[in-house]
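Geometric and topological summary
Read off the chains here:
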Amino acid sequence: MLGRASYMRLPDIVGVELIGVRQEGITATDIVLALTEILREQRVVSCYLEFFGEGADALTLGDLATISNMTPEFGASAAMIYIEDKTIDYLRLTGRSDEQVALVEIYARQTGLWAESMRNAQYERVLQI
């Protein structure tokens, strides 16, 4: 910017560890409404959230999409979930070309966005739900 430094405040990145697995009869809507209440109490306004843990692993990609679609209701700026085999299966199921699917997987693995790479991620804070 005309030879001068430009400063930008980076958002806090908050890890949201989902513990346990969904009980029978509990829907994605039930989960996301409970998460919304908890995350509002935890003041995640303008934060980037990264969901992980055995609870996230046990959810379907549709469930995870439901959670991330509620980001504005949490007050957060973004909600992210690592890429793994369920994501790749979804891309195939929705008609993405083999080349596109391979590109997504290679990119995720090389940039550290693949599930195994995210296991030791460091966050500003971690919420266990």
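Residues numbered from 1 in each chain as written. Predicted model: local features only at pLDDT ≥ 70, side-chain atom pairs only at ≥ 80, totals over all residues. Heavy atoms only, no water.

**Focus: the packing of aromatic side chains**
By the definition in use, this model includes 2 aromatic pairs. Between phenylalanine 51 and phenylalanine 74, the aromatic rings sit 6.3 Å apart at their centres with planes inclined by 55°, giving tilted as the arrangement. Of the two residues, phenylalanine 51 is situated in strand E2 (residues 48-52) and phenylalanine 74 in helix H4 (residues 71-74); the sequence distance between them amounts to 23 residues. Seen from their ring centres, phenylalanine 52 and tyrosine 123 are 5.6 Å apart, and the 10° between their planes marks the pair as stacked. Separated by 71 residues along the polypeptide, phenylalanine 52 in strand E2 and tyrosine 123 in the loop between helix H7 (115-118) and strand E4 (125-128) bring together distant segments of the chain. One Lys or Arg, arginine 109, reaches over the ring of tryptophan 114 and ends 4.0 Å from the middle of that ring. Of note, arginine 119 hangs over the ring of tyrosine 82, and the distance from its end group to the ring centre comes to 5.5 Å. (Phe/Tyr/Trp six-rings, centres within 6.5 Å; stacked < 30°, edge-to-face > 60°. Helix = DSSP H or I, 4+ residues; strand = E, 2+ residues; numbered from the N terminus. Lys NZ or Arg CZ within 6 Å of the ring centre and 35° of its normal.)

**Comments concerning helix H3 (residues 61-69)**
Of all the positions in H3, only Asp63, Leu64 and Ile67 are classed as buried. Buried positions in H3, seen along its axis, are confined to an arc of 95° and lie on one side of it. Buried-residue contacts for H3 involve helix H1 (28-41), E2, helix H2 (54-58), H4, strand E3 (78-81) and helix H5 (85-93). (Buried < 20%, exposed > 50% of the residue type's maximum accessible area, 1.4 Å probe, protein only. Arc of directions from axis to C-beta. Contact = heavy atoms within 4.5 Å.)

**Quick word on H5**
All buried positions along H5 are accounted for by Thr87, Ile88 and Leu91. For H5, the angular spread of buried residues about the axis comes to 100°, placing them on one side. If you check the start of H5, you find a side-chain oxygen 3.1 Å away from the backbone N of lysine 86, and it comes from glutamate 84. Following H5 by one or two positions, glycine 95 adopts a phi angle in the positive range, close to 85°. (Polar contact = N/O pair within 3.5 Å; in protein donor to acceptor, adjacent residues only side chain to side chain.)

**Looking at the pattern of salt bridges**
Applying the stated rule across the entire model yields 3 salt bridges. Among the ionic pairs, arginine 22 bridges to aspartate 63, the shortest N-O distance being 2.4 Å. Of this pair, arginine 22 sits in the loop between strand E1 (13-17) and H1 while aspartate 63 sits in helix H3, placing them 41 residues apart in sequence. Given a relative accessible area of 9%, aspartate 63 falls into the buried group. When the shortest N-O distance is used, the salt bridge between arginine 92 and aspartate 89 registers 4.0 Å. (Salt bridge = Lys/Arg side-chain N within 4 Å of Asp/Glu carboxyl O.)

**Some words on the confidence of the model for the chain**
Detailed reading of the predicted coordinates is not advisable wherever pLDDT falls low. With 99% of its residues at a pLDDT of 70 or more, the chain shows a mean pLDDT of 92. The secondary structure element of the chain with the lowest average pLDDT is H7, at 86, and the one with the highest is E4, at 97. (pLDDT = per-residue confidence, 0-100.)

**Concerning the nonpolar core**
Counting 25 residues, the largest nonpolar core has Leu39, Leu49, Phe51, Ile67 and Phe74 as the members making the most contacts within it. Mapped onto this core, the elements with two or more residues apiece are E1, H1, E2, H3 and H7. Here the element with the most residues in this core is H1; it accounts for 4 residues. Non-local contacts of leucine 39, meaning those with residues more than four positions away in its chain, are made with Val16, Val44, Leu49, Phe51, Phe74, Leu127 and Ile129. Judged by nonpolar contacts, the second largest core, of 6 residues, contains Ile83, Val101, Ala108 and Trp114. (Core = buried A, V, L, I, M, F, W, Y, C linked by side-chain atoms within 4.5 Å.)

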